[in-house]
Amino acid sequence: MENQTSRTRMQTVCLPLFGATICFVSMWFFDRATLFAVREMPEATKHVFMHLSYWTEPSKALTAMAMAVVLTALSSSVFGFPRPTLLKFLGLSLVSCVLVLCFVLLAKTSIGRARPLPSSAFDPFVFAPFSGSEAFESFPSAQAAIAAAICYCFMFRYPSYRPLAFALMVSVGLSRVVIERHWISDVVAGWLIGWLGAAVICAVVQNRYAKPKSHR
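What you see is a predicted model, and the numbers here were worked out from it, not measured in a lab. (Residues numbered from 1 in each chain as written. Predicted model: local features only at pLDDT ≥ 70, side-chain atom pairs only at ≥ 80, totals over all residues. Heavy atoms only, no water.)

### Digging into the overall build of the protein
Stage number 1. Broken down by element type, the protein carries eight helices and zero strands.
Stage number 2. Residues counted as buried form 39% of the 216 residues belonging to the protein.
Stage number 3. Summarising the internal contacts of the protein: among those between residues at least 6 apart in sequence, 76% fall at separations of at least 24.
Stage number 4. As displayed, the protein has an accessible area near 12,300 Å², and 71% of this comes from carbon and sulfur atoms. (Helix = DSSP H or I, 4+ residues; strand = E, 2+ residues; numbered from the N terminus. Buried < 20%, exposed > 50% of the residue type's maximum accessible area, 1.4 Å probe, protein only. Contact = heavy atoms within 4.5 Å. Areas by Shrake-Rupley, 256 points an atom, 1.4 Å probe, with all protein chains shown as cover.)

In C-alpha cells, the structure reads:
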C-alpha cells in the first residue's frame, strides 16, 4: 500500500513536468511533420480512424459508461449476478472521466489553441484564449484524455490486460490526429492529463477503502 501511494505521489509530481516538456518539444518538431504525414495516408485507413473517433466522442463514451454502471448494478441487485470488480472499474472510470473532462474543457477555453486548419496555414502556434470558438479548442484533446483515464482504470482493475488497454488508448488518440482534428501534442497532453487524473482518483479510492492494519 505504501509503495502504491509513493508511486502515485511520484507520478503526480513528475508527470506534469515531463508532459510539459514533451508537449513543447512536440509543438516545435513533430506537430506539422505529423500532420503532413497523415495527409499522405490512404483514405481507407483514414476512414477506419474516423469511425473510431466518432464512436469514442466524450458524450458517447460517458453515456455508455453511465448505462453500463446502471445495468451492472441492476444485474447484481435484481438478478443476483454480482460483478464487483466490473462495477468498481466502471465507477472509477466514470468518475475519472468526468473530472478529467472538466479540467480539459477549462484548459481548452483558457489556452485557445487553433486546430490544424488550412486557414491558419497549419501553424501550431496560433492561440486565441477565451475566444469562445470551437476552432480554438484544440489543446488538449478531450478524447485522448478520456481514453487515457479509462486505460489507467482498466489496468488498475485488470492488470493482465494492460497491452489491450494501452493499444486502445493509443488508437483513440491517434484517430484524432489522423482525421486532422488535433495536433499530436494535443493528444500527448490529453494522454498525460487523463492518466494523471485517473491515477489520483484510483489512489484516493484505494486509500479510502483500504482495510486498516490490526496492531497486536
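Now that the structure has been shown, we can carry on.
### Topic: the packing of aromatic side chains
Stage number 1. This structure, assessed with the given rule, holds nine aromatic pairs.
Stage number 2. Consider the rings of F154 and Y161, whose centres lie 6.2 Å apart with planes at 70°: the pair is edge-to-face.
Stage number 3. The exposure class assigned to Y161 is partly exposed, which follows from its relative accessible area of 45%.
Stage number 4. The rings of F89, F154, Y158 and Y161 are connected pair by pair, giving a single aromatic cluster.
Stage number 5. A cation over an aromatic ring shows up here: K60 above the ring of Y54, its NZ or CZ 4.0 Å from the ring centre. (Phe/Tyr/Trp six-rings, centres within 6.5 Å; stacked < 30°, edge-to-face > 60°. Lys NZ or Arg CZ within 6 Å of the ring centre and 35° of its normal.)

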